[in-house]
Amino acid sequence: MDLSMAYIFSQILVVVYYLLYSRTFQLKEKNKILFFGIFATLLSALSYFLLQAYTGIAMCFVAIIRNIWFSKSKSKRSLIIIYLITLLLSIFSYQNIFSILNILATVIYTYSLWQDSTKKYKLLGIIVNGLMIIYDACIKSIMGVVFMLVSFISSIIGYYKERNKKRQATV
């Protein structure tokens, strides 16, 4: 691994991305959440650019489009359009077999945001975070792996808490 200035800066951007992304969960106004989410995702795209992970950049742009679109409409048509955009950007940004991990994570995460079940969202989050841990390891983003591990553990805890809460409610 090359510890160039570009690499170090990319890792700093990953940390800032996760701080901003985490901040969105503390906000109450939808516009602020959207602004912080878009700004954070742009930083993530810049980090991927510095790592020459072009599929990562493309999937960040899918995330921005998806989040804006889903804030206005979560129709089946919206989901199909976002998937078509994902497919198109995937074709142009594909670098290697590891690109598929990020593409698949984006497809699954898009579905998890589109549907209404928080239990499914959390279960699919486990898969998405697992895929992103591997992708970040493949592109040698140490901070990406660290933060995705935290997200992975958090998604497992969240899923089991919700599952147990629903089980207790039926007892």
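It should be noted that the structure appears before, not after, this text.
**Student:** Where do I start with unusual backbone geometry in this structure?
**Tutor:** Most peptide bonds adopt trans geometry, and most residues besides glycine take a negative phi value. One non-glycine residue, Q52, lies in the positive phi region at around 55 degrees. Position of Q52 among the secondary structure elements: in the loop between helix 2 (30-50) and helix 3 (54-72). Even without being a glycine, K140 presents a positive backbone phi close to 65 degrees. Under the relative-accessibility criterion, K140 is labelled partly exposed at 48%.

**Student:** How should the side chain of S112 be read in this particular structure?
**Tutor:** In this structure, S112 sits in helix 5 (residues 99-114). Apart from residues no more than four positions distant in its own chain, S112 is found in contact with Y121 and L124.

**Student:** Mind showing me how you'd approach a nonpolar patch on the surface here?
**Tutor:** The grouping of L3, M5, I8, F9, I12, V16, L46, F49 and Y54 at the surface amounts to a nonpolar patch, some 870 Å² of accessible area in total. At five residues, helix 1 (residues 5-23) tops the list of elements feeding residues into the nonpolar patch. Relative to the helices and strands, Y54 resides in helix 3.

**Student:** What should I look at first to understand the packing of aromatic side chains in this one?
**Tutor:** Remark: the centre distance and the inter-plane angle together describe each pair of aromatic rings, the angle taken between the planes. This model, assessed by the stated rule, comprises nine aromatic pairs. Here the aromatic rings of Y17 and Y18 are separated by 4.7 Å at their centres, their planes lie at 80 degrees, and the arrangement is edge-to-face. The class for Y18 is buried, based on a relative accessible area of 11%. Where Y48 meets Y135, the ring centres are 5.9 Å apart and the plane angle is 65 degrees; that geometry is what we call edge-to-face.

**Student:** How do you make sense of the packing of helix 1 against helix 2 when you look at a structure like this?
**Tutor:** The angle between the axes and the distance between the axes are what describe a pair of packed helices. Relative orientation of the contacting elements helix 1 and helix 2 amounts to 160 degrees, with a least axis distance of 8 Å. For the element pair helix 1 / helix 2, the angle class is roughly antiparallel. The way helix 1 lies across helix 2 gives a crossing that is left-handed. Contacts between helix 1 and helix 2 involve A6, F9, S10, L13, V14, V16, Y17, L20, Y21 and R23 from the first element and F36, F39, A40, T41, L43, S44, L46, S47 and L50 from the second. Broken down by class, the residue content of the contact of helix 1 with helix 2 amounts to 14 nonpolar, four polar and one charged.

Rules used in this analysis
- Residues numbered from 1 in each chain as written.
- Predicted model: local features only at pLDDT ≥ 70, side-chain atom pairs only at ≥ 80, totals over all residues.
- Heavy atoms only, no water.
- Helix = DSSP H or I, 4+ residues; strand = E, 2+ residues; numbered from the N terminus.
- Buried < 20%, exposed > 50% of the residue type's maximum accessible area, 1.4 Å probe, protein only.
- Contact = heavy atoms within 4.5 Å.
- Patch = residues over 30% accessible without salt bridge, like charges linked within 9 Å, V, L, I, M, F, W, Y side chains within 5 Å.
- Areas by Shrake-Rupley, 256 points an atom, 1.4 Å probe, with all protein chains shown as cover.
- Salt bridge = Lys/Arg side-chain N within 4 Å of Asp/Glu carboxyl O.
- Phe/Tyr/Trp six-rings, centres within 6.5 Å; stacked < 30°, edge-to-face > 60°.
- Axes fitted to C-alpha atoms, helices over the stretch in contact; angles between N-to-C directions.
- Parallel < 35°, antiparallel > 145°, perpendicular 65-115°, else oblique.
- Left-handed = near helix turned anticlockwise from the far one by under 90°.
- Nonpolar A, V, L, I, M, F, W, Y, C, P; charged D, E, K, R; others polar.

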